[in-house]
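One-letter residues, chain by chain:
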Amino acid sequence: MTFQFAPLMIPFVISAVFMLALMWYGISRLRERFGTTTAAFVALVASALIWTITRTLQWLFTSEPLTQVWLALLYIGYGGTTLSVFFFGMAFTGRTEWLSRRRVGLVLAPAVAAFGLAVTNAAGLHTLLWTGEFTTINGLYILEREFRPLFFIYYVYTMVMLFSGVFVLLRMAIGSPRIYRRQTAAFVVGSLAPVILGTLYVLQLNPVIPDFVDLTPVGFAVTGLCYGYGIFRYQMLDLIPVARDTVIESMRDGYIVLDENDRIVDCNSAATEAINQDTTVVGNSVETVFPACADLISEHEHGTQTETELELEVDGQRRFVVANVSSLYDDDRLIGRLLLIRDVTDQRAVQKRYQALIENSSDLITVIDRDGTVTYVSPSVRKIVGIDPAVAEGRNAFGFIHEDDRGRVKDAFEELIDNPGEKRRVEYRLSSADGEWLDMESEIWNLLDNPFVEGIVTNAREITERKERERELAATNEQLKETNEKLDQFASVISHDLRNPINVAKGHVQLARETGNEESFEKVEQSLDRMESIIDDVLTLAREGEEINETEAVDLNAAVREAWEYVETDDATLELVDECTVEADRDRLLQLLENLVRNAIEHGGSDVVVRVGSSSDGFYIEDDGPGIPEEMHDEIFESGTTTNANGTGLGLSIVTAISEAHGWSVSATDGTDGGARFEFSGVGCLEPAE
């Protein structure tokens, strides 16, 4: 191996630096966002870099075997560079059909075959691409090559592909904005510079440079400058034009261009599908090809846009399209019309589905503006309220609501206005056409910011039957509550009032066992009779309520003495002040007196003095016990209230119930001797019974 240096290496190295910088930039862009145009660019500069490096190494390190290796590797750079120009042109102009795997493989196949032939040619297996002899010229060890016919066939192929890419770029640039024309110019000049120098070398047409010197790498220096200028001055890898055919054919909307005589001069596949035409329509009158738009075209005035919705039959299916026609001008000169066709079948299907759901819904759907005015109401208003939607629309929504519920609904409405997208749930009564009030449950939704609604939407359903059931259930629960309270009261009465005769009976049973006195058995029998009477009274109260049905004249003193017998009085003293006859239910009066006597003994002690007398409009019972605190005079009659730690607090509530059943009033005050005094008014004492 011989190392040699020639001044020719300097521009080669400069070209290599340029290609390396451009490749690094392209790879960095690919990492940010992959694109076919950028990928083709990276392949192009990478191939140019390989071409430049192999030529440089061929000159620097020479020997017969090494030179053959460099020549074989050169075919990677040569084929990659020329074919990458083709791929770049297709990607840049949007001809993506040439970038499919199959077509890319077909384009690269000859280059792969040429590289295989170059390797075997360098190995000395054949001379299909080149032949030559090594010699020394001007002190440089070189290979003088002679290209074979197969090489020129491959050369022609690569030039055809390269100029195809250049051609599509130039064709696209014509009529494109200035920036795209300048991008294309930078790329074409940069691509053709090494091609021209390489062609001069291959055909040995350079009169100045020796035939064995390939200046193609010098041309890559020009390539680097042009590509860099296009990239950094005109954003060649950022601003990439999209081909017209790609845009038009990828449009979902139909596109039809008409000339001044309304003949079709251009259209896309979406348009031919919409108008149900399998053959070409260009050159035909729009009235012939698309008669559904004839009226739209004829009524259109130039300088305006006209739009309408059409119903078409396409492949046996009904389709809905929106057709829009506008005028086309070139420097203020009318040149035709543009007809755009947008298929809205799916949207209309959704709209009709929701319309059907709303129209057949049992709910009442209403749209209300900020002022409370009804802007829309669903047809279900006829069935629910009994009025036509047109009657409700334009009126204030709150006018249909019961005045007792109106303020509450307004408050919910006003809270919702300031909170877009939120919901509220309210219940209210709504006036029907026949004047009845319907119970409604409504969900209110703020859709004022929705451009398709622009209102407060209410979804209401009638709950009158549910409300009636709730009211019936509430009434039943109230009745059950009253019944339970009364049962509790009955149980309290039984447990409380039966205690007195039970205690008396127990005492006399014990006395009878000790003395054998038959009078004790009589007392036990009287107590048992009293318990039976109490049970009968409680059953009567349960069946007939608290009212007194039958009364009689009852000697108050006799009733007090009888009640005294039914209570365990121990050493207590009874004083009857005067005679008094009252109109009462005797058994219920005995219950009242028993409870008062027992209350006096429980709170006043076993030696308490109980005094009974008449008053101007009733009677009183008092004792000389500790009395009732003044602050408890009113609450002492409430069930469960007592001043005795061992008391039940039921005795005086029973007294109150019996008094009220007779129509009397009872009050607590201080007794004559400081004890408790219970006064019954509204009684009226009668003459003593004869």
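Residues numbered from 1 in each chain as written. Predicted model: local features only at pLDDT ≥ 70, side-chain atom pairs only at ≥ 80, totals over all residues. Heavy atoms only, no water.

Draft legend 1. The arrangement of the packing of helix H2 (residues 36-60) against helix H3 (residues 64-92) in detail. The contact between H2 and H3 brings their axes to 7 Å, and the two run at 160°. By the angle between their directions, the pair H2 and H3 is classed as roughly antiparallel. Here the hand of the crossing between H2 and H3 comes out left-handed. Partitioning the contact of H2 with H3 into residue classes produces 19 nonpolar, 10 polar and 1 charged. (Axes fitted to C-alpha atoms, helices over the stretch in contact; angles between N-to-C directions. Helix = DSSP H or I, 4+ residues; strand = E, 2+ residues; numbered from the N terminus. Parallel < 35°, antiparallel > 145°, perpendicular 65-115°, else oblique. Left-handed = near helix turned anticlockwise from the far one by under 90°. Nonpolar A, V, L, I, M, F, W, Y, C, P; charged D, E, K, R; others polar.)

Draft legend 2. Structural view of the sheet that holds strand E11 (residues 374-377). The antiparallel open sheet is built from 5 strands, whose spatial order is E11-E10-E14-E13-E12. A strand with exactly one partner marks an edge of an open sheet, and here the two such strands are E11 and strand E12 (423-431). Each strand axis lies, on average, 25° off the axis of its neighbour in the sheet, ignoring direction. With 5 bridges joining them, strand E10 (residues 364-368) and strand E14 (residues 455-462) adopt antiparallel strand pairing. The residue of E14 that forms the bridge with isoleucine 368 is isoleucine 456. On top of the sheet, helix H15 (residues 403-417) reaches E10, E12, strand E13 (437-447) and E14; it is set at about 150° to E12, its chief contact. (Pairing = 2+ DSSP bridges. Contact = heavy atoms within 4.5 Å.)

Draft legend 3. Molecular detail of the pattern of salt bridges. A full pass over the atoms with the stated rule returns 23 salt bridges. Between glutamate 443 and lysine 423 there is a salt bridge, and its shortest N-O distance comes to 3.9 Å. Taken together, the positions of glutamate 443 in strand E13 and lysine 423 in strand E12 put the pair 20 residues apart, joining distant regions of the chain. Looking at glutamate 443, the relative accessible area reads 28%, which means it is partly exposed. Ionic pairing is found between glutamate 622 and arginine 677, a salt bridge with its closest N-O pair at 2.8 Å. One end of the pair, glutamate 622, is in strand E19 (residues 618-623); the other, arginine 677, is in strand E21 (residues 676-681), with 55 residues separating them in the sequence. Overall, the relative accessible area of 2% leaves glutamate 622 in the buried class. Exposure remark for arginine 677: the relative accessible area of 14% places this residue in the buried category. When salt bridges that share partners are traced, they join Lys423, Arg425, Glu427, Glu441, Glu443, Arg466, Lys467 and Glu470 into one network. (Salt bridge = Lys/Arg side-chain N within 4 Å of Asp/Glu carboxyl O. Buried < 20%, exposed > 50% of the residue type's maximum accessible area, 1.4 Å probe, protein only.)

Draft legend 4. Expanded view of the confidence of the model for the protein. Residues at a pLDDT of 70 or more form 84% of the protein, whose mean pLDDT is 81. Every residue in residues 645-649 scores below 50 in pLDDT, and together they form 9 contacts with partners more than four places removed in sequence or on other chains. (pLDDT = per-residue confidence, 0-100.)

Draft legend 5. Molecular detail of the packing of H3 against helix H6 (residues 178-203). Interaxial distance between H3 and H6 falls to 12 Å at its minimum, and their mutual angle equals 170°. By the criterion of interaxial angle, the relationship of H3 to H6 is roughly antiparallel. The segment H3 lies against H6, with Val85, Phe88 and Phe92 engaging Gln183, Thr184, Phe187 and Ser191. For the contact of H3 with H6, the per-class residue count stands at 4 nonpolar, 3 polar and no charged.

Draft legend 6. Spatial organisation of unusual backbone geometry. Despite not being glycine, aspartate 262 has its phi angle at roughly 60°, a positive value. Note that aspartate 262 resides in the loop between strand E5 (254-258) and strand E6 (264-267). Overall, the relative accessible area of 17% leaves aspartate 262 in the buried class.

Draft legend 7. Region of the structure containing the packing of aromatic side chains. Within the structure shown, the criterion is met by 23 aromatic pairs. Linked through ring pairs, Trp51, Tyr75, Tyr78, Trp130, Phe147, Phe151, Phe152, Tyr154, Tyr155, Tyr201 and Phe220 together constitute an aromatic cluster. The ring of tryptophan 98 carries arginine 103 above its face, with NZ or CZ at 4.8 Å from the centroid. Sitting above the plane of the tyrosine 620 ring, arginine 677 keeps its charged end 3.8 Å from the centroid. (Phe/Tyr/Trp six-rings, centres within 6.5 Å; stacked < 30°, edge-to-face > 60°. Lys NZ or Arg CZ within 6 Å of the ring centre and 35° of its normal.)

Draft legend 8. How the structure looks around the nonpolar core. Phe41, Tyr75, Phe88, Trp130 and Phe187 are the most contacted members of the largest nonpolar core, which has 56 residues in total. In terms of residue count, the dominant contributor to this core is H3 (12 residues). Excluding residues that lie within four positions of it along the chain, tryptophan 130 makes contacts with Gln68, Leu71, Tyr75, Ala118, Asn121, Ala122, Arg145, Glu146, Phe147 and Arg148. Val597, Ala668, Phe678 and Phe680 belong to the second-largest nonpolar core, a separate cluster that totals 39 residues. (Core = buried A, V, L, I, M, F, W, Y, C linked by side-chain atoms within 4.5 Å.)

Draft legend 9. Broad picture of the sheet that holds E19. Strand order in this open sheet of 5 strands is E16-E18-E19-E21-E20, and the pairing throughout is mixed. Sheet topology places strand E16 (573-576) and strand E20 (665-670) at the edges, where each strand pairs with a single neighbour. Sheet twist, expressed as the average angle between the axes of neighbouring strands with direction ignored, equals 15°. With respect to the sheet, helix H19 (residues 556-565) is in contact with E16, strand E18 (609-615) and E19, its orientation differing from that of E16 by roughly 170°.

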